[in-house]
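Commentary on secondary and tertiary structure
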Amino acid sequence: MNKHMKLVVSALFIVIILLAVAITRFYSDTGKSTGGGITKSDEIQKLGTDSDGNRIFKDSSGLYGIVDSSDRILVSAEWQSLDFMGSGLCTASKTIKGKNLKGCIDYEGNLVVPLVYSSINRHRSGDFTFYTAETDADSSCVVYSENFVPCLSRSWDSCSFNDGELVLTSDSGTYIYTVSGSGFSLKSAHLSGQALGADFNVDINSRILLSKLNASMLEEMIADTGKYIEFAFTGSSEYISGIKTSGVAIFTPLFPDEENITAKELEGISDIYLYSVRSDDGVPHYAVSVTANTELTYKDETGKNQKLTAPYKAIVEFRGNSENDLAAVSGAFILSKPEYPQSAPTADEDDTPEIPAPEAD
């Protein structure tokens, strides 16, 4: 082989090597973009299949991923656990700072629900599917739809599902939802409140009323009612400064024009009711009726201090279609003045007719 032929062969050899490298890189890049394929050395077992034939697999390191029906990797094996949940989603877990935390991913490995939960549980009632997830940080609970969209607007202190009823609790209420094919329906609510150290409770069972209100609206109205009672007894506007109002709200203290009253003490709260009221502005109105058991100290007509204990009813009115626009309208007691006890008449005021003395014979 002459020198010229050697150069040609060397050139061809280099071209072949470069072409081989280029082909290798091309298929390598293509494999990465499409997820590549699962090999027998990587696969230990295939678990769980969804309706499209996608499968969960576990690799030799004990981690889980997802392959399609052609064994192309959709989600790499980097998860402690995976479970198909439908709608192209999986619950997934990873060990983070020594804790096994759960969340939700799609079939591209993107986090749809953050890895913050200690458990995620699937529930079904008829054709309706939902999930409850308990956070690792504080054990609070979030309710998710079948597509892992948060439901019921908030997180809860606890949650349980039995016999078609979902029971949710917060720091100020317990709520029972019936669960059917059409979703959640608020069946009953038990709320608690406080005013000037007096605790109170209210039970709401009206299906019509509960169909218009959610837990956040109920809690806001009950809490604001407590704030109004505190203002009514103390006269301090600080208590009602946090109440969201609509326009100019009118809050009236308890017996503001009775100058002879020197002290007002709240002894307890009872007979609390929440109901709908008529309105002319096209917006739903609601009222909370509350009875304040009260001890009044007042000066009688002689200037002496007297005590009067009696129940007085107040009405706090609200308007709004949702928790975003719910606002207080007014708060006032029904009576404008207390019914003072009648004082005993003095000897001079005694109107008993005099009986004349008999005449002497």
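Structural data are supplied above this passage.
Note that the structure is predicted; figures quoted are calculated from it, not measured.

**Quick look at the overall build of the protein**
Along the protein, the regular secondary structure elements total three helices and 21 strands. Counting all 361 residues of the protein, 37% fall into the buried class. Accessible surface computed for the protein: about 20800 Å², of which carbon and sulfur atoms make up 50%.

**Overview of the packing of aromatic side chains**
The description of two aromatic rings rests on the distance between their centres and on the angle between their planes. According to the stated counting rule, one finds 16 aromatic pairs in the structure shown. An angle of 45 degrees between the planes, with centres 5.6 Å apart, marks the rings of Tyr 144 and Phe 148 as tilted. Here Tyr 144 and Phe 148 have matching classes, each one buried. Pairing Phe 255 with Tyr 312 gives two aromatic rings, centres 5.0 Å apart and planes at 90 degrees, and the pair type is edge-to-face. You can see Phe 255 sitting in the loop between β17 (245–251) and β18 (261–277) and its partner Tyr 312 sitting in strand β20 (residues 305–319), a full 57 residues away along the chain. Accessibility assignment for this pair places Phe 255 and Tyr 312 in one class, buried. Through a chain of ring-to-ring contacts, the aromatic side chains of Phe 128, Phe 130, Phe 161, Tyr 177 and Phe 184 assemble into a single cluster. Between Lys 94 and the ring centre of Trp 79, over which it is positioned, the NZ or CZ distance is 4.5 Å.

**Focus on the side chain of Glu 219**
Note that Glu 219 resides in helix α3 (residues 215–234). A polar contact of 3.5 Å, which involves the side chain of Glu 219, links it to the side chain of Ser 172.

**Quick word on the state of the cysteines**
Summed over the entire model, instances satisfying the criterion amount to one disulfide. Of all cysteine sulfurs, the one in Cys 90 lies closest to Cys 104, which takes part in no disulfide; the gap is 7.4 Å.

**Considering the side chain of Glu 258**
Residue placement: Glu 258 occurs in the loop between β17 and β18. Of the side chains with opposite charge, Lys 337 lies nearest to the buried Glu 258, which makes no salt bridge, at 4.5 Å. Beyond its immediate chain neighbours, meaning those up to four positions away, Glu 258 contacts Ser 336, Lys 337, Pro 338 and Tyr 340.

**Some points on the nonpolar core**
A general trend in soluble globular proteins is that nonpolar side chains are found buried together. Ranked by size, the top nonpolar core spans 57 residues in total, and within it Leu 218, Ile 229 and Phe 333 carry the most contacts. Beyond its immediate stretch of four places on either side in the chain, Leu 218 contacts Tyr 175, Leu 186, Ala 189, Leu 191, Ile 204, Leu 210, Leu 213 and Leu 274. The next biggest cluster of nonpolar side chains, apart from the first, holds 13 residues, and it includes Ile 56, Ile 66, Phe 84 and Cys 90.

**Considerations on the pairing of strand β7 (residues 99–106)**
With eight bridges joining them, strand β6 (residues 89–96) and β7 adopt antiparallel strand pairing. The partner of Ser 93 across the bridge, within β7, is Lys 102. Here β6 folds back onto β7, and the loop between the two strands holds two residues, one of which, Lys 97, carries a positive phi near 50 degrees. Pairing of β7 with strand β8 (residues 111–125), which is carried by three bridges, proceeds in the antiparallel orientation. Considered in β8, the bridge of Lys 102 is made with Tyr 117.

**Overview of the sheet that holds strand β10 (residues 141–145)**
Taken in spatial order, the seven strands of this open sheet run β5-β6-β7-β8-β9-β10-β11, and their pairing is antiparallel. In this open sheet, the two edge strands, each paired with only one partner strand, are β5 (81–86) and β11 (150–156). Averaged over all pairs of adjacent strands, the angle between their axes in this sheet comes to 35 degrees, without regard to strand direction. Pairing between β8 and strand β9 (residues 128–135): eight bridges, direction antiparallel. In the sheet register, Tyr 117 faces β9, and the bridge partner there is Thr 135.

**Examining unusual backbone geometry**
For Ser 139, which is not glycine, the phi dihedral falls at a positive 65 degrees. Structurally, Ser 139 is set in the loop between β9 and β10. Residue Phe 148 is not a glycine yet carries a positive backbone phi of 60 degrees. Checked against the element boundaries, Phe 148 lands in the loop between β10 and β11.

Conventions we followed
- Residues numbered from 1 in each chain as written.
- Predicted model: local features only at pLDDT ≥ 70, side-chain atom pairs only at ≥ 80, totals over all residues.
- Heavy atoms only, no water.
- Helix = DSSP H or I, 4+ residues; strand = E, 2+ residues; numbered from the N terminus.
- Buried < 20%, exposed > 50% of the residue type's maximum accessible area, 1.4 Å probe, protein only.
- Areas by Shrake-Rupley, 256 points an atom, 1.4 Å probe, with all protein chains shown as cover.
- Phe/Tyr/Trp six-rings, centres within 6.5 Å; stacked < 30°, edge-to-face > 60°.
- Lys NZ or Arg CZ within 6 Å of the ring centre and 35° of its normal.
- Polar contact = N/O pair within 3.5 Å; in protein donor to acceptor, adjacent residues only side chain to side chain.
- Disulfide = S-S within 2.5 Å.
- Lys, Arg positive; Asp, Glu negative; His and termini not counted.
- Salt bridge = Lys/Arg side-chain N within 4 Å of Asp/Glu carboxyl O.
- Contact = heavy atoms within 4.5 Å.
- Core = buried A, V, L, I, M, F, W, Y, C linked by side-chain atoms within 4.5 Å.
- Pairing = 2+ DSSP bridges.
- Axes fitted to C-alpha atoms, helices over the stretch in contact; angles between N-to-C directions.

Worth remembering: the numbers are spatial, not functional.
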